[in-house]
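Observations on the model geometry
This is what each chain is made of:
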Amino acid sequence: MTETPETLDFIEGIDIDLPPGLEAVGGVENDPISIIPPNFFAGTEKTIVVGSQLAAFAASVDEAMRPHISNMFLLAQLAADKHIENTGGDSRSWYDFYVKTLKGMGWLVEGDANAVREVEGATLQVHQEIIPVITAALGPMAAAASTITTVLNGLANINKDAPWITLFHRKSQRAKANQFQISYATAEGGHPALTLVGFELEAETEVTQVLFFKFGASSASLKHFEVKISMAAATVDLIKDAIARKLGLLITQNIEDIEI
């Protein structure tokens, strides 16, 4: 997809919720274009949290491009949130609109897939099921080198009962489901290419008390949706300011550094 005025019009027309005081503004002091997200570190792989998404950038992705891609992730999430708020729908509807919004910005979709994993047991077991999905999506060598697996394994030590849900708790809950995305960005010739995997977890926990002792059991259904997308570097450069203006100060509230 080549950048056109229609692409910029699409970005301007994306429907999102902006809390009072956080609308995109043009003043020098609060100019959203001058807002600096977390340090993306040039020449190294970096993983950050963007809303309900764990986003990893390979060393090949230019440092200057990383925050703009992160902003696109955030805008697509907010648009999907608003769409579900207006129309209803399940996590798959959210995911479809999320990808549709990315396509409207200029990302080319190379293919997608979906699968369902039924997992029975403790939450930690569910967490462990995510690693094989990521490995299959990225390829064994890329997954082994990626900081994504390091972060996911590190999250298991934060809370043994909810190792990775904790990270996305503020942004991922929708009805009974916990929903989040994991993405990995690489670049060839300066052009970004992404593997994106969307997850939905539905979990139930039963607690039985015998005298003073409580025993817990949990069951979970884990679904994942996968898509590969790419964009020309020139398109990123042409739409980055429009996206920053659209998001306003929400950038700093929804894009966070992560250290494990």
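Residues numbered from 1 in each chain as written. Predicted model: local features only at pLDDT ≥ 70, side-chain atom pairs only at ≥ 80, totals over all residues. Heavy atoms only, no water.

**Here's the deal with the overall build of the protein**
For the protein, the helix and strand inventory stands at 9 helices and 8 strands. When contacts within the protein are restricted to residue pairs at least 6 apart in sequence, long-range pairs at least 24 apart make up 70% of them. (Helix = DSSP H or I, 4+ residues; strand = E, 2+ residues; numbered from the N terminus. Contact = heavy atoms within 4.5 Å.)

**Regarding the pattern of salt bridges**
Under the counting rule described, the total for this entry stands at 3 salt bridges. Across the salt bridge formed by K82 and E85, the nearest N and O atoms sit 3.5 Å from each other. Of this pair, K82 and E85 both sit in helix α2 (residues 66-87), 3 residues apart, roughly one helical turn. When its relative accessible area of 51% is taken as the criterion, E85 is described as exposed. For the salt bridge of R92 with D96, the shortest nitrogen-to-oxygen distance reads 3.0 Å. Of this pair, R92 and D96 both sit in helix α3 (residues 91-105), separated by 4 residues, roughly a single helical turn. (Salt bridge = Lys/Arg side-chain N within 4 Å of Asp/Glu carboxyl O. Buried < 20%, exposed > 50% of the residue type's maximum accessible area, 1.4 Å probe, protein only.)

**Considerations on the nonpolar core**
Core analysis: the largest hydrophobic core is formed by 41 residues, its most contacted members being M72, Y98, L102, M105 and W107. A per-element tally of this core places α2 first, with 10 residues. Setting aside residues no more than four positions away along its own chain, M105 makes contact with T7, F10, I11, I14, M72, L75, A76, M231, T235, I239 and I243. Listed in part, the 20 residues of the second largest apolar core include L54, A58, L152 and V197. (Core = buried A, V, L, I, M, F, W, Y, C linked by side-chain atoms within 4.5 Å.)

**So, the confidence of the model for the protein**
In this model, the protein carries a mean pLDDT of 75, and residues with pLDDT of at least 70 account for 61%. Looking at the elements of the protein, mean pLDDT is at its lowest for strand β4 (residues 173-174), recorded as 49, and at its highest for α2, recorded as 92. Long-range and interchain partners of residues 22-30, a stretch whose pLDDT sits below 50, account for 15 contacts in this model, where long-range means more than four residues apart. (pLDDT = per-residue confidence, 0-100.)

**Focus: the packing of aromatic side chains**
For any two aromatic rings, the description comes down to two numbers: the centre-to-centre distance and the angle of the planes. Tallied over the entire structure, the rule returns 3 aromatic pairs. Taken together, a centroid distance of 5.2 Å and an interplanar angle of 10 degrees make the contact between W94 and Y98 stacked. With W94 and Y98 both in helix α3 and 4 residues apart, the pair spans about one turn of that helix. In this pair, the class of W94 matches that of Y98, namely buried. (Phe/Tyr/Trp six-rings, centres within 6.5 Å; stacked < 30°, edge-to-face > 60°.)

**Some thoughts on the environment of T87**
Among the structural elements, T87 can be located in helix α2. Given a relative accessible area of 52%, T87 falls into the exposed group. Polar side-chain contacts of T87 include one of 2.7 Å to the backbone oxygen of H83. (Polar contact = N/O pair within 3.5 Å; in protein donor to acceptor, adjacent residues only side chain to side chain.)

**A short note on the pairing of strand β2 (residues 53-57)**
Most of β2 is tucked away: 5 of the 5 residues are buried. Side-chain alternation along β2 places Q53, A55 and F57 on one buried face and L54 and A56 on a second face that is also buried. Where strand β1 (residues 46-50) and β2 come together, 5 bridges link them in antiparallel fashion. Pairing of T47 across the sheet is with A56, part of β2. From the end of β1 to the start of β2, which pair antiparallel, there are 2 residues, and G51 there has a positive phi angle of about 60 degrees. (Pairing = 2+ DSSP bridges.)

**What about the packing of helix α1 (residues 5-13) against helix α8 (residues 233-247)?**
At a minimum axis separation of 9 Å, α1 and α8 run at an interaxial angle of 15 degrees. If you check the angle between α1 and α8, you find them roughly parallel. In the packing of α1 onto α8, the handedness of the crossing is right-handed. Seen from α1, the contacting residues are T7, L8, I11, E12 and G13; seen from α8, they are L238, I239, A242, I243 and K246. Across the contact of α1 with α8, the residue classes break down as 6 nonpolar, 2 polar and 2 charged. (Axes fitted to C-alpha atoms, helices over the stretch in contact; angles between N-to-C directions. Parallel < 35°, antiparallel > 145°, perpendicular 65-115°, else oblique. Left-handed = near helix turned anticlockwise from the far one by under 90°. Nonpolar A, V, L, I, M, F, W, Y, C, P; charged D, E, K, R; others polar.)

**Comments concerning the pairing of β1**
Burial runs high along β1: 5 of the 5 residues are buried. Residues of β1 alternate between two faces, with K46, I48 and V50 on one and T47 and V49 on the opposite face, all of them buried.

**Remarks on α2**
Compared with the 32 Å implied by 1.5 Å per residue over 22 residues, the 32 Å span of α2 between its first and last C-alpha is a close match. Most of α2 sits inside the fold, with 16 of its 22 residues counted as buried. Once α2 ends, the next one or two residues include G88, with phi positive near 80 degrees. (Expected span 1.5 Å × (residues − 1).)

**Looking at α8**
With 15 residues, α8 should reach 21 Å at 1.5 Å per residue; the first-to-last C-alpha distance of 21 Å fits that figure. Buried within α8 are the following residues: T235, V236, I239, I243, A244, K246 and L247. G248 lies just past α8 and shows a positive phi near 60 degrees.

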